[in-house]
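Observations on the model geometry
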Amino acid sequence: MAGHSKWAQIKRKKAVTDQKRGQMFTRLIRELTVASRQGGGNPEFNPRLRLAVDTAKNSNMPQENIDRAIRRGTGELEGVTYEEVSYEGYGPGGVALFIEATTDNQKRTVADVRHLLDKNGGNLGTNGSVAWQFDRKGQIYIDAARHDEEAVLEAALEQGAEDVAESGGEFIVTTGPAELHRIREGLAHAGVEISQAEIRMIPQSGVAVSGREAERLVRLLDALDDNDDVQKVSSNAEIDEAALAGVA
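All of the points below concern the structure found in this document. Fair warning: this is a prediction, and the values are worked out from it, not measured in the lab. (Residues numbered from 1 in each chain as written. Predicted model: local features only at pLDDT ≥ 70, side-chain atom pairs only at ≥ 80, totals over all residues. Heavy atoms only, no water.)

Here we come to the overall build of the chain. Assigned secondary structure in the chain consists of 9 helices and 10 strands. For the chain, the proportion of its 248 residues judged to be buried stands at 50%. A fraction of 73% describes how many contacts in the chain between residues 6 or more apart in sequence connect residues 24 or more apart. Only carbon and sulfur atoms are counted for the fraction: they give 46% of the accessible area of the chain, which is about 11800 Å². (Helix = DSSP H or I, 4+ residues; strand = E, 2+ residues; numbered from the N terminus. Buried < 20%, exposed > 50% of the residue type's maximum accessible area, 1.4 Å probe, protein only. Contact = heavy atoms within 4.5 Å. Areas by Shrake-Rupley, 256 points an atom, 1.4 Å probe, with all protein chains shown as cover.)

Taken in spatial order, the 4 strands of this open sheet run E3-E1-E2-E9, and their pairing is antiparallel. In the strand order of this sheet, the two ends are held by strand E3 (123-124) and strand E9 (230-235), each with one partner. The sheet contact formed by strand E2 (residues 95-103) and E9 spans 5 bridges and is antiparallel. Note that in E9 the partner of Ile-99 across the bridge is Val-233. Set on the sheet, helix H5 (residues 106-119) makes contact with strand E1 (83-91), E2, E3 and E9; between it and E1 the angle comes to about 15°. Across the sheet, helix H8 (residues 211-225) is in contact with E1, E2 and E9; its angle to E2 comes to roughly 10°. (Pairing = 2+ DSSP bridges. Axes fitted to C-alpha atoms, helices over the stretch in contact; angles between N-to-C directions.)

A word on the side chain of Glu-88. Note on placement: Glu-88 falls in strand E1. For the buried Glu-88, no salt bridge is present, and the opposite-charge side chain at shortest range is Arg-136, 9.2 Å distant. When sequence neighbours within four positions are dropped, the list of residues in contact with Glu-88 reads Leu-97, Phe-98, Leu-124, Gly-125, Thr-126, Asn-127, Gly-128, Ser-129, Val-130 and Ala-131. (Lys, Arg positive; Asp, Glu negative; His and termini not counted. Salt bridge = Lys/Arg side-chain N within 4 Å of Asp/Glu carboxyl O.)

Within the secondary structure layout, Ile-183 lies in helix H7 (residues 180-189). Residues Ile-183 and Leu-157, 26 residues apart in the sequence, show an inter-C-alpha distance of 9.4 Å.

Right, let's talk about unusual backbone geometry for a bit. One non-glycine residue with positive phi stands out, namely Asn-60, at about 65°. Residue class for Asn-60 comes out exposed when judged on its relative accessible area of 56%.

Quick look at the packing of H5 against H8 now. The contact between H5 and H8 brings their axes to 9 Å, and the two run at 160°. The orientation of H5 with respect to H8, classified from their angle, is roughly antiparallel. Pair H5 / H8 crosses with right-handed handedness. Touching Val-113, Leu-116 and Leu-117 of H5 are Leu-220, Ala-223 and Leu-224, all from H8. Partitioning the contact of H5 with H8 into residue classes produces 6 nonpolar, no polar and no charged. (Parallel < 35°, antiparallel > 145°, perpendicular 65-115°, else oblique. Left-handed = near helix turned anticlockwise from the far one by under 90°. Nonpolar A, V, L, I, M, F, W, Y, C, P; charged D, E, K, R; others polar.)

The next subject is the environment of Arg-37. Among the structural elements, Arg-37 can be located in helix H2 (residues 21-39). Residue class for Arg-37 comes out partly exposed when judged on its relative accessible area of 37%. Separated by 33 residues in the primary sequence, Arg-37 and Ile-70 place their C-alpha atoms 7.9 Å from one another. In this view, Arg-37 contacts Gly-73, Thr-81 and Tyr-82; residues no more than four positions away in its chain are not counted.

On to the packing of aromatic side chains, then. Across all of its chains, the model carries 1 aromatic pair by this definition. Taking 6.4 Å as the distance between ring centres and 45° as the angle between the ring planes, the aromatic pair formed by Phe-98 and Phe-134 counts as tilted. On the criterion of sequence distance, the pair formed by Phe-98 in strand E2 and Phe-134 in strand E4 (residues 134-143) is long-range, its members being 36 residues apart. (Phe/Tyr/Trp six-rings, centres within 6.5 Å; stacked < 30°, edge-to-face > 60°.)

Below, the discussion takes up the sheet that holds E4. Sheet architecture is open: 4 strands sit in the order E5-E6-E4-E7, paired in antiparallel fashion. Strands at the two margins of the open sheet, each flanked by one partner only, are strand E5 (163-167) and strand E7 (196-203). Adjacent strand axes in the sheet meet at a mean angle of 35°, parallel and antiparallel pairs treated alike. Along the sheet face, helix H6 (residues 149-159) touches E4, E5 and strand E6 (170-175) and points at about 10° away from the line of E6.

This is the structure:
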């Protein structure tokens, strides 16, 4: 878990500094569209949309892009209709993978995901084959260099957070999915600066991966991350540090 968390942190930080910025905006737009279609276009009454809007703003997405995506979701503007799908499978070393995607063509997306898994030493499984190994949780990321650990821990536990851990220069506050926004707001009111918040699939236990298998797994995770339809990839891998060196 820790290894994959570090991989996810590296990818998340790179997304705002290099060519993946456009891809990140595409994912955010899809999330804004789906969230507003499912729960309405008012963030005050739609927690998922509120989180998507906050994430988009933190990523410096222009307000007009945010508004346009929301209007497409509510039907005020014409646009592509996206569906949420998830895929389960295994990567090198027997690592469990839970892949979340948003697509306008399910046949294309499942074919792409299957191809990437097959090409990089993995395989696509059936629904339910790995989901039982994960719990859906909220995670809040805080820059460890800007805040005292004890202060963050105290504020998070006071708000009802489940856990606080440090990884890769960040404090990661774990919450129940329904409590994510409330705890995020509570931390902000307590003066804690939030880098990002999201709902993720968190593994119940980890699988250590090293050497060639770790390198193949990182290539697979990168390939999935590069697919426009894929929104998030969760795994139970504890990846060897050396395999991550080329990602940073």
